[in-house]
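# Inside the fold
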Amino acid sequence: MSLKRIGAAGVILLVFMIIASFVLSTLTDPEPDSEKFTKNYVQQAIDRYNSDGREATVDYFNSPDSVSGQWFVFIIDENEMMIAHPTRKDRIGTTREDRVDVNGYYYGDEFASATEAGKWVSYSFTNPTTGQNGMKRTWIVKHDGLLFGSGWHQN
């Protein structure tokens, strides 16, 4: 085999590896800037609420159509009760006291203290894509008495 053939094969292999690496990274994290994506996702939910009203927004965010990979929006009402959660219907109806992760960390007060400016909260939660527990980073914003949240898994 000539040196030119080995060089060309090496270049082709390198290009293939770069493309494969890019494809794999987009499968595990569809948005390179997860914080920006998450904040945008929550703002889109608030915009939907402002334009479509509460009932239509809650209905939408309780449907699987609202899920984007591992991202979904949950909504908590004025009484601190979960009213929308598209991936875990068993979470609907839960309250602040129920917000304890698998490690025993109580994050209910963290959610409840979110303001209109928004707040980041980290806790362990089941990834709906993998079914595995891991750290979740959640952006939560208070709007019109409701809490809108979304996040991503850091595992």
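Residues numbered from 1 in each chain as written. Predicted model: local features only at pLDDT ≥ 70, side-chain atom pairs only at ≥ 80, totals over all residues. Heavy atoms only, no water.

### Re empty space enclosed by the protein
Rules: A 1.4 Å probe that fits into a set of points on a 1 Å grid over the protein atoms alone but cannot get out defines a cavity; an open set with protein on both sides within 12 Å along at least five of seven lines defines a pocket, and lining residues are those with an atom within 4 Å of a point. Grid points are joined across faces, edges and corners, and a volume is the space filled by probe spheres set on the points.
Inspection of the entire model under this criterion finds one cavity of 30 Å³ or more. Of the voids in this model, the largest cavity is the one considered here, and its volume is about 70 Å³. As for the largest cavity, its lining consists of Phe72, Phe74, Met82, His85, Arg91, Tyr107, Phe111, Tyr123, Phe125 and Lys136.

### Quick look at helix 3 (residues 54–61)
Definition in use: For the exposure calls, accessible area comes from a 1.4 Å probe over protein chains only, and a residue counts as buried if that area is under 20% of its type's maximum, exposed if over 50%, partly exposed in between. Labels follow the DSSP assignment, with helices taken as runs of H or I lasting at least four residues and strands as runs of E lasting at least two, numbered in each case from the N terminus. The arc in question is traced by the directions running from the helix axis to the C-beta atoms.
If you check which residues of helix 3 are buried, you get Thr57, Val58 and Phe61. Along the long axis of helix 3, the arc covered by the buried residues comes to 95°, so they all point the same way.

### Examining the pairing of strand 4 (residues 133–143)
Here is the rule: The rule for pairing is simple: two strands pair if DSSP sees at least two bridges between them.
Here eight bridges tie strand 3 (residues 119–126) to strand 4, and the two strands are oriented antiparallel to one another. Within strand 4, the position partnered with Lys119 by the bridge is Ile140. Where strand 3 hands over to strand 4, the hairpin turn is made up of six residues, of which Gly131 adopts a positive phi near 80°. Note: strand 4 against strand 5 (residues 146–153), eight bridges, orientation antiparallel. Residue pairing for strand 5: Thr138 is matched across the bridge by Gly151. Counting the residues between successive antiparallel strands, the hairpin from strand 4 to strand 5 contains two residues, one of them, Asp144, with a positive phi of roughly 55°.

### Re the environment of Ile46
Operational definition: Note on contacts: a residue pair is in contact if any heavy atoms of the two residues lie within 4.5 Å.
Along the polypeptide, Ile46 turns up in helix 2 (residues 34–52). With 97 residues separating them along the chain, Ile46 and His143 place their C-alpha atoms 7.3 Å apart. Discounting chain neighbours no more than four positions away, the residues touching Ile46 are Val141, His143 and Phe148.

### Section: helix 2
Stated precisely, the cut-off is as follows: By this rule the span expected of a helix is its residue count minus one, scaled by 1.5 Å.
End to end, helix 2 covers 26 Å across 19 residues, agreeing with the expected 27 Å (1.5 Å per residue, within 8%). Immediately downstream of helix 2, the backbone of Gly53 shows phi near 90°, a positive value.

### Quick notes on the packing of aromatic side chains
Cut-off, in case you're wondering: Stacked, tilted and edge-to-face are the three classes applied to pairs of Phe, Tyr and Trp rings, where Trp contributes its six-membered ring and a pair requires centres within 6.5 Å; stacked means planes under 30 degrees apart, edge-to-face means over 60, and tilted covers the rest. Put simply, a charge is over a ring when the Lys NZ or the Arg CZ is close to the ring centre, within 6 Å, and near the line of the ring normal, within 35 degrees.
All chains considered together, the criterion is met by 11 aromatic pairs. Joined through ring pairs, the aromatic side chains of Phe74, Tyr107, Phe111, Tyr123 and Phe125 make up one cluster. A cation sits over an aromatic face here: Arg48 above Tyr60, 3.6 Å from the ring centre.

### Quick notes on the nonpolar core
Convention followed: Within this scheme, the nonpolar core is defined by two criteria: the residues are buried Ala, Val, Leu, Ile, Met, Phe, Trp, Tyr or Cys, and they are joined through side-chain atoms within 4.5 Å.
Ranked by size, the top nonpolar core spans 18 residues in total, and within it Val42, Phe61, Val73, Ile75 and Phe148 carry the most contacts. Looking at this core, the element that brings in the most residues is helix 2, giving five residues. What Phe148 contacts, discounting residues up to four positions off in sequence, is Val42, Ala45, Ile46, Tyr49, Thr57, Phe74, Ile75, Trp139, Ile140, Val141 and His143. Core analysis: the second largest hydrophobic core is formed by 12 residues, Phe111, Val121, Tyr123 and Leu147 among them.

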